[in-house]
Amino acid sequence: MTDERIISIRRQMADLHKTRENYTEQWRRSQLMSLKRMIFENRAAMVEAIGLDLGRHPFETETGEIACTITDIEEILGILSDYIDPVQVASPAFFAPCFSEIRYEPLLSPGVLIISPFNYPINLSLVPAAGSLASGNPTIIKMSESANHTSSLLAKLVPRYFDDSALAIVEGGAKETSDLLGHPWGLVFFTGSTRVGKIVSMRAAETLTPTILELGGKSPVYIDKSVPDMKVTADRIVWGKTYNGGQTCVAPDHVFCHEEKVDHFCSEIIKSTKRMFGGTDDPRNFDQLTRIVDEASARRLISAIQEIEESDGKKGKVIFGGSKFCDAKSRIVVPTIVFNPSLDTQVMTDEIFGPILPVYSVSSDEDAIRHITMLQGNNTPLALYCFATSDAVFEQINTCRSGTLVRNDVIIQFASPHLPIGGLGTSGSGNYHGRHSIESFSHKKSTVSKPARQLFEFGGIRYGPYGDGLKGRLLLLLTRILPQIPVLHTRRLVMSLVLAIGILFRTSFGHYLHAELDRLIKRRANAYLNNEL
């Protein structure tokens, strides 16, 4: 796409902002319904395109892409009305009568830029787009060139269901991404590696565009000796590690297993792998195995396996799988289990992002925490997993930093539309899914309304000059002791109460009461200032 085309789309989106049509619930709901209809009517084509890009089994695409995306859209449709009308909040009594509210409004014109990755090209494009559109933002999605079949499909489908002023697809590579980042946006939403995330963040900073970064990292697993069923544990870890060929940002990266259970775990994880992928000792016969996205990535993973194989046990041991069963040209990397690899090997210095699972033996949960903390350094993983029946062990593992935490399972947190998904530090910033998407893609505008009447000035107590200091002391005391005004949905009631107080103070009784209060307040104010309250 040329820069002229990008400028044209931006202009249409900016024009939509001027009409304020995108502020309405009707516009937002209409875009979400169009998004849902586009997926329903073209799900077979989407499954086929992702199959061509990743060689993924159709069931994984239906569950991990299509179903999750539709669920998130439906969740947002169900709660959208909660964010259309202003949300009333309490006000300081000192400013009574005063009415405060929060309004959820679209971000700055022309709209939101979403830069999506290759590994879940439907879900990681359209779920953030749903949150953006629900918040009233015109949206551009820059698709990954590595998922070219899915990118081409969405580029054809989106114009059939959306006007360019609402949602547009940009194809291409690094140049197109750079061109897009050269313009200011209301928000840039990026999903990808930490390395590229740093580049996106720096480019966005040039135009003072805020960012949400969904990155990754090396997500550890701890298996405690209290685990009751090792078969279940192994099945869940193998499933999460090999789902989408291990190309999942929250996939378990490596395992620390209690020394009393490690042999049992290694035995069960090999059985689980064979059971899930064809029941054969030769991983080349595994069906339903998702391919690695490209040859270069496959070579990187194979090289990491070979580094351990060629060390003659000095840098670890491959106990299942191995490089001889892999084929870079065919983008096949088989599930491979590595026991106790050296910390300076490729599988431990970089995020694996493939079906290779390092396993370590540890003596206790304290030992596991020490290893996790040491490996993290200044980095924070997107996920942390703990298999334990002990609440105390689980809470101890929770002392390690992570973006998300799951007990006795893996990667399932990403499928929930009710949980905020996001990282911390090197694994990202910001979060989304369901209502958290609307809150992340909206500007929360603070709005205060107050009548401009002399009656409500209360003698001008908040204005200078403050004379001998009594007035200032009174102000200090009032700000401390007066309560917050709760949300009262009838403004007439609030106005009537304040009016009654104002009239009371203007009567002769009011003058007497005012004098008595003046003496009382002076004593309390002096005591407060002398730290006697």
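Above this text sits the structure in question.
Colleague: Whenever I open this one, the overall build of the protein chain confuses me. Can you help?
Modeller: Helices and strands together make up the secondary structure of the protein chain, namely 18 helices and 18 strands. Evaluated residue by residue, the protein chain yields a buried proportion of 52% over its 533 residues. Taking the intrachain contacts of the protein chain between residues at least 6 apart in sequence as the baseline, contacts between residues at least 24 apart amount to 72%. Accessible surface for the protein chain amounts to roughly 24000 Å². Of this, 54% is attributable to carbon and sulfur atoms.

Colleague: What am I meant to see in the sheet that holds strand β3 (residues 99–105) here?
Modeller: The strand order across the open sheet formed by 3 strands is β1-β3-β17, and the pairing between neighbours is antiparallel. Every interior strand has two partners, whereas the edge strands, β1 (87–89) and β17 (443–449), have only one. In this sheet, adjacent strand axes meet at a mean angle of 30° when their direction is disregarded. Note: β3 against β17, 7 bridges, orientation antiparallel. From the neighbouring strand, Glu101 faces β17, where its bridge partner is Thr447.

Colleague: Looking at this structure, I do not really get the nonpolar core. What am I missing?
Modeller: Nonpolar side chains tend toward joint burial in soluble globular proteins. One finds Met38, Met46, Ile223, Ile237, Val255, Phe265 and Ile269 to be the most contacted residues of the largest nonpolar core, which totals 83 residues. Here this core takes 7 residues from helix α5 (residues 123–134), the largest share from any one element. In terms of nonpolar packing, the next biggest core, distinct from the first, is built from 31 residues, Ile308, Met348, Ile369 and Ala388 among them.

Colleague: Got a minute to help me understand the pairing of strand β6 (residues 167–170) in this structure?
Modeller: Along any regular strand the residues' side chains alternate between the sheet's two faces. Where burial is concerned, the two faces of β6 agree: the one with Leu167 and Ile169 and the one with Ala168 and Val170 are both buried. As defined by bridge partners, strand β5 (residues 139–142) adjoins β6 across 4 bridges and the pair is classed as parallel. Residue Lys142 lies in a different strand from β6, and its bridge partner there is Val170. Considered for its hand, the β-α-β crossover made up of β5, helix α6 (residues 148–161) and β6 is right-handed.

Colleague: Is there a simple way to think about the pairing of strand β13 (residues 356–362) in this case?
Modeller: By the criterion of burial, β13 is predominantly enclosed, with 6 of the 7 residues buried. Note: strand β12 (residues 336–339) against β13, 4 bridges, orientation parallel. Bridging across to β13, Phe339 finds its partner in Val359.

Colleague: Teacher, can you tell me more about the side chain of Glu105 here?
Modeller: Counting through the fold element by element, Glu105 comes out in strand β3. We classify Glu105 as buried; its relative accessible area is 11%.

Colleague: Hey, could you run me through a nonpolar patch on the surface in this one?
Modeller: There is a patch of nonpolar side chains on the surface, built from Val87, Val89 and Val487 and spanning about 160 Å² of accessible area. Note on placement: Val487 falls in the loop between β18 (484–485) and α17 (491–506). A relative accessible area of 32% places Val487 in the partly exposed class.

Colleague: What is the right way to look at the side chain of Lys241 in this model?
Modeller: Here Lys241 lies in helix α9 (residues 230–242). Buried and without a salt bridge, Lys241 has Asp253 as its closest oppositely charged side chain, separated by 4.8 Å. With residues up to four places along the chain from it excluded, the contact list for Lys241 reads Gly246, Pro252, Asp253, Ile352, Gly354, Pro355, Ile356 and Leu357.

Colleague: Would you explain the state of the cysteines in this entry?
Modeller: The term disulfide refers to a covalent linkage connecting the sulfur atoms of a pair of cysteines. Enumeration over the complete set of coordinates arrives at 0 disulfides. The thiol sulfur of Cys266 is not disulfide-bonded, and the nearest other cysteine sulfur, from Cys257, lies at 7.1 Å.

Colleague: Quick question: what am I supposed to make of the packing of aromatic side chains here?
Modeller: To describe a pair of aromatic rings, you give the distance between the ring centres and the angle between the ring planes. As enumerated under the stated definition, the model contains 6 aromatic pairs in all. Between Tyr83 and Tyr104, the aromatic rings sit 4.9 Å apart at their centres with planes inclined by 90°, giving edge-to-face as the arrangement. On the criterion of sequence distance, the pair formed by Tyr83 in the loop between α4 (58–79) and β1 and Tyr104 in strand β3 is long-range, its members being 21 residues apart. For Tyr104, a relative accessible area of 14% corresponds to the buried category. Clustering of aromatic rings is evident, with ring pairs tying together Phe189, Tyr432 and Phe441.

Colleague: Explain unusual backbone geometry here, please?
Modeller: Trans is the common state for peptide bonds, and a negative phi is the common state for residues other than glycine. Between Ala96 and Pro97 the backbone carries a cis peptide bond, its omega angle lying at -5°. Ser109 connects to Pro110 through a cis peptide bond whose omega is 5°. Relative to the helices and strands, Pro110 is located in the loop between β3 and β4 (112–115). For Ile411, which is not glycine, the phi dihedral falls at a positive 60°. Tracing the sequence through the fold places Ile411 in the loop between β15 (404–407) and β16 (428–429).

Colleague: Looking at this structure, I do not really get the sheet that holds β5. What am I missing?
Modeller: Hydrogen bonds along the backbone pair up the strands of a sheet, which may run parallel or antiparallel. With respect to topology, 6 strands assemble into an open sheet ordered β6-β5-β4-β7-β8-β16, the strand pairing being mixed. Two strands in the sheet have a free side with no partner beyond their single neighbour: β6 and β16. Bridge count between strand β8 (residues 211–214) and β16: 2 bridges; the pairing is antiparallel. Opposite Leu213, over in β16, you have Ser429 as the bridge partner.

Conventions used here
- Residues numbered from 1 in each chain as written.
- Predicted model: local features only at pLDDT ≥ 70, side-chain atom pairs only at ≥ 80, totals over all residues.
- Heavy atoms only, no water.
- Helix = DSSP H or I, 4+ residues; strand = E, 2+ residues; numbered from the N terminus.
- Buried < 20%, exposed > 50% of the residue type's maximum accessible area, 1.4 Å probe, protein only.
- Contact = heavy atoms within 4.5 Å.
- Areas by Shrake-Rupley, 256 points an atom, 1.4 Å probe, with all protein chains shown as cover.
- Pairing = 2+ DSSP bridges.
- Axes fitted to C-alpha atoms, helices over the stretch in contact; angles between N-to-C directions.
- Core = buried A, V, L, I, M, F, W, Y, C linked by side-chain atoms within 4.5 Å.
- Right-handed = clockwise from strand over helix to strand, strands pointing away.
- Patch = residues over 30% accessible without salt bridge, like charges linked within 9 Å, V, L, I, M, F, W, Y side chains within 5 Å.
- Salt bridge = Lys/Arg side-chain N within 4 Å of Asp/Glu carboxyl O.
- Lys, Arg positive; Asp, Glu negative; His and termini not counted.
- Disulfide = S-S within 2.5 Å.
- Phe/Tyr/Trp six-rings, centres within 6.5 Å; stacked < 30°, edge-to-face > 60°.

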